[in-house]
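If you want the building blocks of each chain, they are given just below.
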Amino acid sequence: MRNNIIAALLAAALLAASCVREEMPDNTPTGNFEALWRIIDEEYCFLDYKAQEYGLDWDEVRRRYRARVSDDMPPGALFEVLGEMLAELRDGHVNLYAAGDVARYWKWYEDYPANFDTEVAEAYLGTDYRIASGLKYKILDDNIAYVRYESFSAAIGEGNLDQMLADVALCDGLVIDVRHNGGGTLTNAARLAARFTNERVLTGYILHKTGKGHGDFSDPEPIYLDPSPRIRWQKEAVVLCNRRSYSATNEFVNAMRSLPRVTTMGDRTGGGAGLPMSSELPNGWSVRYSSSPHLDAEGRHIEFGIEPDVAVALDPDDAARGRDTLIERAREWLKARRGN
């Protein structure tokens, strides 16, 4: 009896392995094309949403790009076709990685005004600013604190935040500039945002894929921002953002706009609200894609960005005079609300 069970299990395992081998695409241009299309079809999280937003038809995309693939095409030509197909998703979190190149989609910010001039913004910090790991900060001459965070990939510890907030404690307001911050670690974004709330706040939801269908998702799981048990900012704050405020920065702006003493200002963020995952093609190229969508507290998609509370554009005449229109508007805003 025992031998029969073992034999049956071995047969089932061999059958399963055979099925896997049959389903695995060949390492040919056609096989790699089909593998990539299927990964996105089964695992990418925004196909239905983007069909609704701009008419994306992933089956039609397959037909159109499959006609450009042949098994005698060189790897470089295949890479170009696959990269163009992925660009149909309009997602900065989607990349194809080969040994000598990375396919990427940058139109999410290239087609919009920057509303940021690095040289002008850095003039506000000068050369005597303070550095707390990833944070650069300075108290401006009107007693407004200016903080620049260039990347959420740059770690900030609780001690860094304690010191920065202690240094600016007597300021009348605080400007946090996350323009051109392309994202990084969500933990850093949450750690900073936690210094601006005194109570637990619902900031959004996350869903997870549960099947291969475009609409196969788990129930939304709430995302909360909990107050830090350490030093917290108790006055008004302004967050400056632009189209290159992306990914973890998009999440930071989403969390901060939920707080009563925080105003977001500038331009619509770049979005990037899908948690990235990776997979591999038969030829060894890897693909990164959005797998778990983040929604805001009202259950709305923020994949294509978040509108600021106050829209402000960088005035070229201001920039020519060394003035940053957004920083100046934030300073005026904070001074007008001083004591509220």
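The residue count restarts for each chain, going from 1 along the sequence in the order it is written. Totals for whole chains, interfaces and linings use all residues, but because this is a predicted model, local features are given only for residues with pLDDT of at least 70 and pairs of side-chain atoms are given and counted only at 80 or more. To get the side-chain values, all heavy atoms of the structure are used, and hydrogens and water are removed first.

*Asks:* Would you explain the nonpolar core in this entry?
*Replies:* Across soluble globular proteins, nonpolar side chains show a tendency to be buried alongside one another. Core analysis: the biggest nonpolar cluster contains 34 residues, and Ile-176, Leu-192, Phe-196, Phe-252 and Met-256 have the highest contact counts within it. Put simply, the parts of the chain that give this core at least two residues each are β4 (135–139), β5 (144–149), α8 (158–167), β6 (173–177), α9 (186–193), β9 (237–241) and α10 (248–256). Helix numbering and strand numbering both begin at the N terminus, where a helix is a DSSP run of H or I of at least 4 residues and a strand a DSSP run of E of at least 2. The biggest single contributor to this core is α10, with five residues. The contact definition used throughout considers only heavy atoms, calling two residues in contact when any of these lie within 4.5 Å. With near-sequence residues (within four places) excluded, Leu-192 lies in contact with Tyr-149, Phe-152, Ile-156, Leu-161, Ile-176 and Phe-252. Residues Ala-35, Ile-39, Tyr-65 and Trp-285 belong to the second largest nonpolar core, which totals 31 residues. In this text, buried Ala, Val, Leu, Ile, Met, Phe, Trp, Tyr and Cys residues form a nonpolar core when linked through side-chain atoms within 4.5 Å. Between buried and exposed lies partly exposed: a residue is buried under 20% and exposed over 50% of the maximum accessible area for its type, with that area taken using a 1.4 Å probe on protein chains only.

*Asks:* Looking at this structure, how should I read helix α5 (residues 75–87)?
*Replies:* An α-helix turns once per 3.6 residues; consequently, residues spaced three or four apart project the same way. With 13 residues, α5 should cover 18 Å at 1.5 Å per step; its first-to-last C-alpha distance of 18 Å lies within 8% of that length. Every buried residue of α5 is accounted for by Leu-78, Phe-79, Val-81, Leu-82, Gly-83, Met-85 and Leu-86. Buried-residue contacts for α5 involve α2 (29–43), α4 (58–66), β1 (95–98), β2 (101–103) and β12 (286–296). Expected helix span is computed as 1.5 Å times (number of residues minus one).

*Asks:* Would you mind going over the pattern of salt bridges with me for this structure?
*Replies:* For side chains bearing opposite charge, pairing can occur when the charged atoms are close. Salt bridges are defined by distance alone: a side-chain nitrogen of Lys or Arg within 4 Å of a carboxyl oxygen of Asp or Glu. Counting across every chain of the model gives 32 salt bridges. The closest approach of N and O atoms between Asp-324 and Arg-179, which form a salt bridge, is 2.9 Å. Residue Asp-324 is found in the loop between α11 (316–320) and α12 (325–336), and its partner Arg-179 is found in the loop between β6 and α9; the two are separated by 145 residues along the sequence. The partner of Glu-298 in a salt bridge is Arg-300, and the shortest N-O contact between them spans 3.1 Å. Beyond isolated ion pairs, a larger network of salt bridges with shared partners links Asp-141, Asp-142, Asp-318, Arg-321, Arg-323, Glu-328, Arg-331 and Lys-335.

*Asks:* So what exactly am I meant to see when it comes to the pairing of β12 here?
*Replies:* Successive residues of a regular strand alternate their side chains across the two faces of the sheet. For β12, a buried count of nine out of eleven residues is recorded, marking the element as mostly surrounded by other parts of the structure. At least two DSSP bridges between two strands are needed for those strands to be called paired. One ladder, built from three bridges, connects β1 with β12; its direction is antiparallel. Bridge pairing in β12 places Leu-96 opposite Val-287. Here seven bridges tie strand β11 (residues 274–280) to β12, and the two strands are oriented antiparallel to one another. Paired with Ser-278 across the bridge in β12 is Arg-288.

*Asks:* What should I look at first to understand the side chain of Arg-243 in this one?
*Replies:* Mapping Arg-243 onto the fold places it in the loop between β9 and α10. No salt bridge is formed by the buried Arg-243; the nearest opposite charge belongs to Asp-267, separated by 5.7 Å. A distance of 3.0 Å separates a polar atom in the side chain of Arg-243 from the backbone oxygen of Thr-269. When residues no more than four places from it in sequence are discounted, the contact partners of Arg-243 are Trp-108, Tyr-109, Tyr-112, Pro-113, Asp-267, Arg-268, Thr-269, Gly-270 and Phe-304. Charged-residue counts in this description rest on Lys and Arg as positive and Asp and Glu as negative, His and the chain ends being excluded. Any N or O atom pair separated by 3.5 Å or less is treated as a polar contact, with the protein-specific requirement of one donor-capable and one acceptor-capable atom, and with residues adjacent in sequence counted only for side-chain atom pairs.

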